[in-house]
Amino acid sequence: MISVENITKVLPSGKVLLDGISFKVKKGEFLGILGASGAGKSLTLRCMVGLIKPTDGQIIYSKELDDDDNPINICELKGKKLRNARKHLGVIFQGNNLVKRLTALENVMIGRLGQISPLRTWIYGFTDAEAEEAYEALKQVKMEDYSNRRVGSLSGGEQQRVAIARAIFQNPSVYLADEPVSSLDPKNAKKILKLLAPLAENKPVIGVFHQPHLVSEFCTRVIAVKDGSVVYDGDPKLSEEQLEMIYADELSSIQKEAEKMSLIKKSKKK
Amino acid sequence: MNLSGYKISRYKTPFIFTVTLIILIYLSADATEVSLSEFLDGWSHGSRLLLEFFPPDWSKIGRMLHASLLTIAMALIATPMGALISFLFGLAAAKNISYPGLREVARVVISLERALPEIVILLFLAAALGLGLYPGILALAIGSIGMLGRLLADAIEEIDEKAIESVETVGATRSQIIRYSIIPEVLPSFVANSIFRFEINIRNSVLLGAVGVGGIGYELNESISLMDYEASTMAIIMIISLVFVAERISDTIRKKVSKTGEVM
């Protein structure tokens, strides 16, 4: 079980980005994190990966990140211990964060870098058996035909699938996906979620998303973040009013924009 | 509107520029004791001398070819050596993967080297090792650090931070990040720059040769001081063809590398 306990993030300027976020995630859950831009959802996920240290609070992985199944607070880790913990974290970034000049297969194999010694990395890299396994991971996301293509030459949806294959090959205890579909068209976004959903059967999957309809279709649970706090936690099917509340800031800014535009149009007519 | 201000200021800048330039030329000529009459005298003397350079002494071709090979060999050994040292300095100087203190040191070394011409480096080395091929090669190799190290460091700093971060999150160490994220991204441009540096090193190798290191530059210098001008012409022909061929080869390879991104 993963428990995020009351994490806050305050900038030196005094600006509060996270204001006491708490939630727990169990095995078998596909948790979607929703929220308007700048609400703090990606920041929460980055804290969970240990890329950002929260000002206060802790994030406890009850046994997922330790070789001996001990609880670990990722916020406290540094250096070698952090690297060791990250071996067990399957982070799925936006696909365009892959190494562009390497092939799809090589990018998938990067998933296990933390599990092999640096010396081996420099002498011969990965074994044939590992390459086979990476190929299997690509098969799972239906990208095996592109295994020797350079990632830079793949489309956004294809890159995203390679990013998922990388996490699968890593064989982590938890999957964390940071806006894995925000740069994709609706059809491709759905395909990606179809790949993510089955992963949740064995291991918790936590993803940050922008599309409430996809979340309600695939996730088993949703939390919504607004102004750095959790404002909703529960059923993935959100009502119209709830969505309006979550996206209030964004909606009002869109509305203002629309009003401005209609004003411009009106003045032109005159 | 009053145009008088514009009418004056329009002439002001070119006027100041021209006067300053004339003063500077005069002062420089005075300091170096160049005079126009001597310059013209030199020309008439020079044109007589010029005839002595022809025809080229083709009988020296074997010797000149051998000297050219020496010049090429120096550049050929020095460039990979320089590239290797530059690679380490480039890595150390890139702020997104290096350590803060180390980065400052590497930046200073790179800037210092850029300020020193190869010939100055050679004179330093010659003081310690004596003149010869070995200090010549070493000077060329060290001379590459400024350019190749700087270009590499800049290329590394331009890599998207997220591409590095995404490798970092699987628990990779710094050296693994370098191997699987940094090197693949910067290798094609580094190889292209190194080939360009090879071309520059051929030229530098001729120059260092003239100072006494050996090779075709040395032959040219020798023939002039022995007043064997026909042999000098032969050496000059060799140098021009050498530089020309090196440029063509380097152009072709560099185009191929940057087009396909394939290093091999």
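Rules and cut-offs
- Residues numbered from 1 in each chain as written.
- Chains lettered and ligands numbered in written order.
- Predicted model: local features only at pLDDT ≥ 70, side-chain atom pairs only at ≥ 80, totals over all residues.
- Heavy atoms only, no water.
- Helix = DSSP H or I, 4+ residues; strand = E, 2+ residues; numbered from the N terminus.
- Rg over C-alpha atoms; globule rule 2.2 N^0.38 Å.
- Buried < 20%, exposed > 50% of the residue type's maximum accessible area, 1.4 Å probe, protein only.
- Areas by Shrake-Rupley, 256 points an atom, 1.4 Å probe, with all protein chains shown as cover.
- Contact = heavy atoms within 4.5 Å.
- Buried area = accessible area lost by both parts, 1.4 Å probe.
- Salt bridge = Lys/Arg side-chain N within 4 Å of Asp/Glu carboxyl O.
- Core = buried A, V, L, I, M, F, W, Y, C linked by side-chain atoms within 4.5 Å.
- Pairing = 2+ DSSP bridges.
- Axes fitted to C-alpha atoms, helices over the stretch in contact; angles between N-to-C directions.

**Points about the overall build of chain A**
Thinking step 1. The number of helices and strands found in chain A is ten helices and ten strands.
Thinking step 2. Whereas a compact globule of 270 residues would reach a radius of gyration of roughly 18 Å, chain A reaches 20 Å, a difference of no more than 12%.
Thinking step 3. The dimensions of chain A, computed from C-alpha atoms along their principal axes, are 70 × 40 × 35 Å.
Thinking step 4. Burial statistics for chain A: of 270 residues in total, 51% are counted as buried.

**Some thoughts on the overall build of chain B**
Thinking step 1. What chain B contains, in helices and strands, is eleven helices and zero strands.
Thinking step 2. Counting from the amino terminus, helix and strand elements in chain B follow one another as α-α-α-α-α-α-α-α-α-α-α.
Thinking step 3. Within chain B, buried positions represent 41% of all 264 residues.
Thinking step 4. Here chain B has roughly 15200 Å² of accessible surface; of this, 70% comes from carbon and sulfur atoms.

**Some points on the interface of chain A and chain B**
The accessible area lost on association of the parts is a frequent measure of interface size.
Thinking step 1. Taken together, the 29 residues of chain A in the interface contact 24 residues of chain B.
Thinking step 2. Of the roughly 2300 Å² buried between chain A and chain B on both sides combined, carbon and sulfur atoms contribute 57%.
Thinking step 3. For chain A, the biggest contributors to the area lost against chain B are Asn97, Arg101 and Trp122 of chain A; these three give 25% of the whole.
Thinking step 4. With a closest N to O distance of 3.8 Å, Arg86 of chain A and Glu168 of chain B form a salt bridge.

**Considering the nonpolar core**
Thinking step 1. Among the nonpolar cores identified, the biggest contains 73 residues, and Phe30, Leu113, Val162, Ile164, Leu196 and Phe209 of chain A together with Ile182 of chain B are the most heavily contacted of them.
Thinking step 2. Leaving out residues up to four positions away in the same chain, Ile164 of chain A has contacts with Ile92, Val141, Ile192, Leu195, Leu196 and Leu199 of chain A.
Thinking step 3. One finds Val25, Met48, Leu89 and Val174 of chain A within the second-largest nonpolar core, a separate group that totals 34 residues.

**Here we look at the environment of Ile116 of chain A**
Thinking step 1. By the element assignment, Ile116 of chain A lies in the loop between helix H3 (104–109) and helix H4 (118–123).
Thinking step 2. Along the chain, Ile116 of chain A and Phe126 of chain A lie ten residues apart, while their C-alpha atoms are 8.5 Å from each other.

**So, the sheet that holds strand S2 (residues 16–25) of chain A**
Sheets are built from strands that pair by backbone hydrogen bonding, the pairs being arranged parallel or antiparallel.
Residues and elements named next belong to chain A.
Thinking step 1. Read across the open sheet, the four strands follow the order S2-S1-S4-S5; overall the sheet is antiparallel. The open sheet has two edge strands with one neighbour each: S2 and strand S5 (72–73).
Thinking step 2. One ladder, built from two bridges, connects strand S4 (residues 56–61) with S5; its direction is antiparallel. Each bridged residue has a counterpart across the sheet, and for Ile60 the counterpart in S5 is Asn73.
Thinking step 3. Across the sheet, helix H1 (residues 41–49) touches strand S1 (2–10), S2 and S4, and the angle it forms with S2 is around 65°.

None of the figures reported here should be taken as evidence of function without further support.
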